[in-house]
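Notes for the structure review
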Amino acid sequence: MDSADAPGGLRRVLGVGFGVAVGVGSMIGAGILRAPADVAAKLQTPLLFLGVWVVGGLYALLGGNALSELGVLIPRSGGQYVFARRAFGPATAFVVGWSDWLSSAGAVAAIAITFAESAAALLGTGARVVPVVAVLAVAAAYAVLARGVQVGDRAQRLTSAVKAAALLALVAACLLAARPHAEAVPNASSGGLVAFVLALQGVIYAYDGWTGPIYFTGELRDPGREVPRAVFGGVLSGMALYLAVNAAFLAVLSVAAMARSTLVAADVARAIAGARGASLVHWLVVVALPSAVVANLLLASRVAYAMGRDGAAPRGLASVSERGVPAVGLATSSAAAVLFAATGTFERVIDVCAFLFVASYVVSFAAVFALRRREPDAPRPFRAWGHPWTTGLALGASSAFLLGVVAADPRGAAVALACVAVTLPLYFGLRWARLLDA
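Definitions and limits used
- Residues numbered from 1 in each chain as written.
- Predicted model: local features only at pLDDT ≥ 70, side-chain atom pairs only at ≥ 80, totals over all residues.
- Heavy atoms only, no water.
- Helix = DSSP H or I, 4+ residues; strand = E, 2+ residues; numbered from the N terminus.
- Buried < 20%, exposed > 50% of the residue type's maximum accessible area, 1.4 Å probe, protein only.
- Contact = heavy atoms within 4.5 Å.
- Expected span 1.5 Å × (residues − 1).
- Phe/Tyr/Trp six-rings, centres within 6.5 Å; stacked < 30°, edge-to-face > 60°.
- Salt bridge = Lys/Arg side-chain N within 4 Å of Asp/Glu carboxyl O.
- Patch = residues over 30% accessible without salt bridge, like charges linked within 9 Å, V, L, I, M, F, W, Y side chains within 5 Å.
- Areas by Shrake-Rupley, 256 points an atom, 1.4 Å probe, with all protein chains shown as cover.
- pLDDT = per-residue confidence, 0-100.

Section: the overall build of the protein
Broken down by element type, the protein carries 17 helices and zero strands. The C-alpha extent of the protein, read off along each of the three principal axes, is 65 × 50 × 40 Å. A buried classification covers 58% of the 438 residues belonging to the protein. Long-range pairs, those at least 24 residues apart, make up 83% of the contacts in the protein between residues at least 6 apart in sequence.

What follows is the structure, encoded as structure tokens:
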């Protein structure tokens, strides 16, 4: 069935608070510490520097507006795989689901490695223990989430609240240490549409994760009301934190100084705390990143569950424990993340999937149009505001973004497209061998 999860599946026990927490948890990772330098290098005026973060947030709001309609129309956990299956069939859904699961597991590994690097620096153990600490971080997240869906709910809320508190503490410290600095003199790289678009690419990558709540629509108590609230609440919370942190950075460093920095957060920390600044950044990472590990592991497990439920992957992935956890999907996703972290292959996975996640957005936005046309009378407790204009704008912006990525990194885009070209024959081959049910 497409309208709801089957009996014996996931439980409807989650609420808006969890949705907002998983949105913030999956959206805000280490990118907020690194992206400002790349943005400042391209847009060396404060107005443009902050403006591009506003535009990135507006893009996420447009996307959230469209995907909220799909979430209430098809209240099944599994994310964009579910929408692609309903709108365009199992083959397209297989490609979307496979790339989504792989990139989510890779993101867990990448975040765990970043966490481990800072933990090792604080402990003074050196780089040799980083893979071990990263694996232990993934194992710890798995152990917590396997205890039950409500335990996972509390863990996501707690870790996201700690992350928000840590970032707000950084903002407060920056404002207390604010100092007047000379205004940057714009140069050739600080204006123009091309520079803005290139900067926007990094910002959109930083905002990625705003889709978090729609992976759990089969577990929300009242998806018709709670999906849009969770999506908009998560995006607005993340947007507010991004703007607050970047504005706080501007209070300490000029845009030109940020453009010269390799890690803005480290330079800001040194300006605030002197020689202890490096430790301050490491503590911020150690405190803030567990929520992203938990969130991305939750997302990966729901994609695996959904594909198993539909027969697009081994049926065992849809197994749900007595505590309401997709146990096999969670274990498989954790094992993949551990493998990526231990071998360092997560970087190659993310490079390939970075292109594919925006391609998945394109599929989802197109699904709004397809299902409005094919199922005009289907119940939609929430309908995308301003459709078709807002959805069309999100679709056009995503398509333009993909073209920009192709122009900026043609080799990476070619590898991503090659992966799609391989995935489709794999899907039909597995069906022919009767290893897939659908």
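Resuming the write-up.
What to know about helix α5 (residues 90–123)
The terminal C-alpha atoms of α5 lie 48 Å apart, and with 34 residues this matches the ideal 50 Å at 1.5 Å per residue to within 8%. Counting buried positions along α5 yields 27 of 34 residues, so the element is predominantly enclosed.

Overview of the packing of aromatic side chains
Under the counting rule described, the total for this entry stands at 13 aromatic pairs. An angle of 50° between the planes, with centres 6.3 Å apart, marks the rings of W53 and Y207 as tilted. Taken together, the residues W53 in helix α3 (residues 46–73) and Y207 in helix α8 (residues 193–207) connect sequence positions 154 residues apart. Judged by relative accessible area, which is 0%, W53 ranks as buried. Note on Y427 and F428: the rings are 5.1 Å apart at their centroids and 70° apart in plane angle, and the pair reads as edge-to-face. By relative accessible area, which is 1% here, Y427 ends up buried. An aromatic cluster of three or more residues is present, and its members are Y59, W210, Y361 and F365.

Some details on the pattern of salt bridges
Counting across every chain of the model gives ten salt bridges. The shortest N-O distance in the salt bridge between R85 and D310 comes to 3.6 Å. Taken as a pair, R85 in helix α4 (residues 80–88) and D310 in the loop between α13 (290–309) and α14 (327–343) lie far apart in primary sequence, 225 residues in all. With respect to burial, R85 and D310 carry one shared label: buried. Salt-bridge contacts for R86 lead to E375; the nearest nitrogen and oxygen are separated by 2.9 Å.

Overview of helix α1 (residues 16–27)
Taking 1.5 Å as the rise per residue, α1 with twelve residues should run 16 Å; its terminal C-alpha atoms sit 16 Å apart, in good agreement. Counting buried positions over the twelve residues of α1 gives ten, a clear majority of the element. Along α1, the residues classified as buried are F18, G19, V20, A21, V22, G23, V24, G25, S26 and M27. On the buried face of α1, the contacting elements are α7 (149–176), α8, α9 (223–252) and α13.

So, a nonpolar patch on the surface
Taken together, the side chains of L158, V162, W283 and V287 make up a nonpolar region of the molecular surface, amounting to roughly 370 Å² of accessible area. Every element with two or more residues in the nonpolar patch is listed here: α7 and α12 (277–288). Along the chain, the position of L158 falls in helix α7.

Section: the environment of L263
Along the polypeptide, L263 turns up in the loop between α10 (255–260) and α11 (264–273). Between the alpha carbons of L263 and L33 there is a distance of 6.7 Å; along the sequence they are 230 residues apart. When near neighbours in sequence (up to four residues on either side) are disregarded, L263 contacts L33, R34 and V281.

Comments concerning the confidence of the model for the protein
Taken over all residues, the pLDDT of the protein has a mean of 87, while the share at 70 or more is 93%. No element of the protein has a lower mean pLDDT than helix α17 (residues 410–432), at 78, and none a higher one than α4, at 96.

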